[in-house]
Structure formats: C-alpha cells, structure tokens
Amino acid sequence: MMNEDAGRRTVAMVTGANKGIGRAVAGELAGRGMTVLIGARDRRRGEEAAAALREAGGDAHAVVLDVTDPATVHEAAKRVEERHGRLDVLVNNAGITGSGRVAPMDAVDQIPSSVDLEMVRAVFATNVLGVIAVTNAMLPLLRRSPAARIVNVSSHAASLALTSDPDGPFAALLPSAAYTPSKAALNALTVQYANELRKDGVLVNAVAPGFVDTDSNDHTGHLTPAQGAAVVVRLATLGADGPTAGFFGEDGPLPW
C-alpha cells in the first residue's frame, strides 16, 4: 500500500497503543510515514506515547479511546473525521487477559470449571464487543479510503487446531474459559467482517503476534514487542492483492 496517495499520508488508528505490541505497531507505522492515531484509555499515557513518536520524527496523535465505553468510541470517530476525513488502517489491538499481570501458566482463575462469570464478561466486553464497537464506529471513515485495512490482534491460543492437540504446544498451559475463547470469537468475527466487506475492497485479517514480553503476561514472553509487531504491520500494509478473512502468524497462515 502506498504511504502517499496524491500527496496525502495514510492514516492509521491503533487501539491500546500506549504500550506493548500496540505501541510497537504504532511506532513502525509512523516510521513508514503514516499519520498514526494512538488510541489509549489513559489520556496522559496516550499523550506520552504520541510525544515519543513525534520526537522520533513520526506524525502521531493521541486519542482517548476505551473500547468498552461507547462515548469515547463515538468521540474518537468524530475526532478522526474532523481532523483527517477518513481512516486507512484500523488495528484492533486493545485486549485484556482477565487475569491481570500473570504468566499464562499461572492463570488459575481462567480454569473453566471454577471461572468467575464476571471475569469472562469483562474479557469478552473488551476483546470481542470492543472490537465490534470500534470497527463499526470507524467503518464509515474506512469506506472513504482507497485501500482500507483492518487487523485484529488475536493469539495462537485462538486456534482450535493448536489448543485441542494433547501433544501440541499448548498442552502444558492451563485451560482458559475467558481469554482463549475470546480470541477464538475474535477470529470468527474477523471472518464475518471480511465476508461483509470483501466486495468493498476492505481487507480484514486476524494476526497472532506470538508470545511477546508485555505487561499482560508479566513479562514472561520471549519475543520483543517489535518482533510481535512485525506480522501486524505486514497485514496493515497489504497490497490490493493481499489476503482477507485470514489468520496469520509471523511464519504465515495459522490453522483455525
């Protein structure tokens, strides 16, 4: 995708972009000459992230955005419309595990038989319903783009093929009734949006960044945020012949 179309910058919105993978994605897109909107629940943290990207030569702006708060979602869309008139890239990165800052192998509160339903609701509210809310608010702006791209940040844990294999890479992890099913639902949602928007040339894909060193896993991940961001950026910058309705990791398509 061209970063300059008739002299204008590509405009990208990244949710949950003040830290971790979202921050790395925002930095990489800004480095490619895009105008990057840093969606963050906390205004101060969003402003600090945007200021750091501007200091590095990028065109970045903070936008207050809590994906579970319809008022902030509506305001964010209004602001994008007023300042930029359209949106070219939406990266739905904001997500929670529900267990706070713990390593996945210690997330005993995710075990299905004893899980707290309120925790499951909170996780789905952010990881699934929040993506619907933000995507639908931004769709009128994305439809004005000549090459709109939507990337939903998922997880290898979303793969039923991988997680159901008793000898597979996830066999050692605790079963999860909140985070893992929420990401599987996000994958399903990705396919449905891709099917609806296919005729409009909007490419919609899910990506699994891998086990990245972030707050959400208490820094037990082995990949850097920049390494995790690479596949997200690749899907956010697809050419017109790129895939849609897919699920990708760094090494290519992943099994559903």
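A few points on the structure.

## Notes on the overall build of the protein chain
Broken down by element type, the protein chain carries 7 helices and 10 strands. Computed over its C-alpha atoms, the radius of gyration of the protein chain comes to 17 Å, within 12% of the 18 Å expected for a compact globule of 256 residues. Every one of the 256 residues in the protein chain was classed for burial, and the buried ones make up 50%. The contacts of the protein chain with a sequence gap of at least 6 include a subset with a gap of at least 24, amounting to 73%. Only carbon and sulfur atoms are counted for the fraction: they give 54% of the accessible area of the protein chain, which is about 11,500 Å². In the protein chain, which carries 23 positive and 28 negative side-chain charges, the distance between the mean positions of the two groups comes to 6 Å.

## Some thoughts on unusual backbone geometry
The phi angle of most residues is negative, glycine excepted, and most peptide bonds adopt the trans form. Positive phi outside glycine occurs at Ala-245, with the angle close to 65 degrees. Relative to the helices and strands, Ala-245 is located in the loop between helix H7 (225–236) and strand E9 (247–249). In this structure Ala-245 comes out as buried when scored by relative accessible area, which is 16%.

## Considering the side chain of Ser-145
Within the secondary structure, Ser-145 sits in the loop between helix H4 (117–142) and strand E7 (149–153). Take Ser-145: its relative accessible area is 11%, and that puts it in the buried class. A distance of 2.6 Å separates polar atoms of two side chains, one belonging to Ser-145 and the other to Asp-88. From its side chain, Ser-145 meets the backbone nitrogen of Ala-148 in a polar contact 3.4 Å long. Once residues within four sequence positions are removed from consideration, Ser-145 is found in contact with Leu-87 and Asp-88.

## Comments concerning the sheet that holds E7
Ordered in space as E5-E4-E3-E6-E7-E8-E9-E10, the 8 strands form an open sheet in which the pairing is mixed. Strands at the two margins of the open sheet, each flanked by one partner only, are strand E5 (59–64) and strand E10 (252–253). Relative to strand E8 (residues 203–207), E7 runs parallel, the two sharing 5 bridges. Opposite Val-151, over in E8, you have Asn-205 as the bridge partner. Strand contacts of helix H3 (residues 70–84): strand E3 (11–14), strand E4 (35–40) and E5, with the helix running at about 150 degrees to E5, the strand carrying the most contacts.

## Side note on the side chain of Gln-110
Along the polypeptide, Gln-110 turns up in the loop between strand E6 (89–92) and H4. Residue classification places Gln-110 among the buried residues on the basis of a relative accessible area of 4%. For Gln-110, the side chain forms a polar contact with the side chain of Ser-176, separated by 2.8 Å. A polar contact is formed between the side chain of Gln-110 and the backbone nitrogen of Tyr-179, at a distance of 2.9 Å. Among all residues touching Gln-110, those that are not within four sequence positions of it are Thr-97, Gly-98, Ser-99, Val-115, Met-119, Pro-175, Ser-176, Ala-177, Ala-178 and Tyr-179.

## Some words on the nonpolar core
Core analysis: the biggest nonpolar cluster contains 31 residues, and Val-14, Val-25, Leu-29, Val-36, Ile-38, Val-91 and Val-232 have the highest contact counts within it. Those residues in contact with Val-36 that lie beyond four places of it in its chain are Ala-12, Val-14, Ala-26, Leu-29, Ala-30, Asp-59, Ala-60 and His-61. With 30 residues, the next largest nonpolar core counts Val-80, Met-138, Leu-142 and Leu-197 among its residues.

Cut-offs and rules
- Residues numbered from 1 in each chain as written.
- Predicted model: local features only at pLDDT ≥ 70, side-chain atom pairs only at ≥ 80, totals over all residues.
- Heavy atoms only, no water.
- Helix = DSSP H or I, 4+ residues; strand = E, 2+ residues; numbered from the N terminus.
- Rg over C-alpha atoms; globule rule 2.2 N^0.38 Å.
- Buried < 20%, exposed > 50% of the residue type's maximum accessible area, 1.4 Å probe, protein only.
- Contact = heavy atoms within 4.5 Å.
- Areas by Shrake-Rupley, 256 points an atom, 1.4 Å probe, with all protein chains shown as cover.
- Lys, Arg positive; Asp, Glu negative; His and termini not counted.
- Charge placed at Lys NZ, Arg CZ, Asp CG, Glu CD.
- Polar contact = N/O pair within 3.5 Å; in protein donor to acceptor, adjacent residues only side chain to side chain.
- Pairing = 2+ DSSP bridges.
- Axes fitted to C-alpha atoms, helices over the stretch in contact; angles between N-to-C directions.
- Core = buried A, V, L, I, M, F, W, Y, C linked by side-chain atoms within 4.5 Å.

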